[in-house]
Amino acid sequence: MDQREKIIRLWFDMWLQKKDLGIEDIFSADALYIESWGPQYQGVAKVKHWFEEWNTRGNVLQWDIKQYFHKGYQTIVEWYFKNKMDDGRVESFDGMTLVKWTADNTICFLQEFGCNEHRYDPYQDGPVPKFRDEQAM
């Protein structure tokens, strides 16, 4: 479990440092990576390209790991994420990642799930819900 946690921490640190510290070592050749908002990247070469390209447009400011859960060849990571894009937009949210591992502890599947950090009670003012008119991150 410690080795898997170190690999995940390394992946998060790569984003914080804007530096490839071994993408091809931690992802399997045919890995599938699915972002929380829809884009997906098939294969380590595509994951590497996305990482390098994204880092020309933005900066990850914070990616804090809260806890890990392990079961067999799967790990779930709970985290908090914040970035700033070059256009000035700041995004932050809570999330979880599901990681599936190969027998030699490389990532073969990674899917992110995000949760808006601006939560509210739609029933605060009574029995009829009042929802905010905003898109999910």
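About the thresholds
- Residues numbered from 1 in each chain as written.
- Predicted model: local features only at pLDDT ≥ 70, side-chain atom pairs only at ≥ 80, totals over all residues.
- Heavy atoms only, no water.
- Helix = DSSP H or I, 4+ residues; strand = E, 2+ residues; numbered from the N terminus.
- Contact = heavy atoms within 4.5 Å.
- Areas by Shrake-Rupley, 256 points an atom, 1.4 Å probe, with all protein chains shown as cover.
- Lys, Arg positive; Asp, Glu negative; His and termini not counted.
- Charge placed at Lys NZ, Arg CZ, Asp CG, Glu CD.
- Phe/Tyr/Trp six-rings, centres within 6.5 Å; stacked < 30°, edge-to-face > 60°.
- Buried < 20%, exposed > 50% of the residue type's maximum accessible area, 1.4 Å probe, protein only.
- Lys NZ or Arg CZ within 6 Å of the ring centre and 35° of its normal.
- Pairing = 2+ DSSP bridges.
- Axes fitted to C-alpha atoms, helices over the stretch in contact; angles between N-to-C directions.

Student: Tell me what's going on with the overall build of the protein chain, and back it up with residues and numbers.
Tutor: Of the regular secondary structure elements, the protein chain holds three helices and six strands. When the elements of the protein chain are put in sequence order from the N terminus, they spell out α-α-β-β-α-β-β-β-β. Each of the three principal axes of the protein chain carries a C-alpha extent, and together these read 55 × 40 × 25 Å. For the protein chain, long-range pairs separated by at least 24 residues make up 46% of all intrachain contacts whose partners lie at least 6 apart in sequence. When the accessible surface of the protein chain is split by element, carbon and sulfur atoms take 51% of a total near 8300 Å². Between the averaged position of the 17 positive side-chain charges in the protein chain and that of its 23 negative side-chain charges there is a distance of 1 Å.

Student: Tell me about the environment of asparagine 116, and please be specific about residues and values.
Tutor: Locating asparagine 116 in the fold gives a position in strand 6 (residues 107–116). As a C-alpha pair, asparagine 116 and glutamate 91 span 25 residues in sequence and 9.7 Å in three-dimensional space.

Student: Please set out the packing of aromatic side chains residue by residue, giving values where relevant.
Tutor: In the structure shown here, the tally under the stated rule is 17 aromatic pairs. Seen from their ring centres, tryptophan 79 and phenylalanine 93 are 5.7 Å apart, and the 65° between their planes marks the pair as edge-to-face. You can see tryptophan 79 sitting in strand 4 (residues 74–85) and its partner phenylalanine 93 sitting in strand 5 (residues 90–101), a full 14 residues away along the chain. A relative accessible area of 1% means that tryptophan 79 is categorised as buried. Taken together, the ring pairs connect Trp11, Trp15, Phe27, Tyr33, Tyr41, Trp50, Phe51 and Trp54 into an aromatic cluster. Across from the ring centre of phenylalanine 109, 4.9 Å away, lies the NZ or CZ of lysine 100, which sits over that ring.

Student: So, unusual backbone geometry: which residues are in play, and what are the values?
Tutor: The phi angle at lysine 18 is positive, at roughly 55°, despite the residue not being glycine. Note that lysine 18 resides in the loop between helix 1 (2–17) and helix 2 (23–26).

Student: So, the sheet that holds strand 6: which residues are in play, and what are the values?
Tutor: An order of 2-1-6-5-4-3 is seen for the six strands of this open sheet, with the pairing classed as mixed. Edge positions in the sheet fall to strand 2 (40–42) and strand 3 (58–71), since each of these pairs with one other strand and no more. Across this sheet, the average inter-strand angle for adjacent strands is 20°, counted without regard to direction. Relative to strand 5, strand 4 runs antiparallel, the two being bridged by eleven bridges. When the sheet's bridge partners are listed, isoleucine 76 is paired in strand 5 with leucine 98. Of the strands in this sheet, strand 1 (27–34), strand 3, strand 4, strand 5 and strand 6 touch helix 1, which is tilted by about 170° from strand 3. Packed onto the sheet, helix 3 (residues 44–54) meets strand 1, strand 2, strand 3 and strand 4 and runs at close to 55° relative to strand 1.

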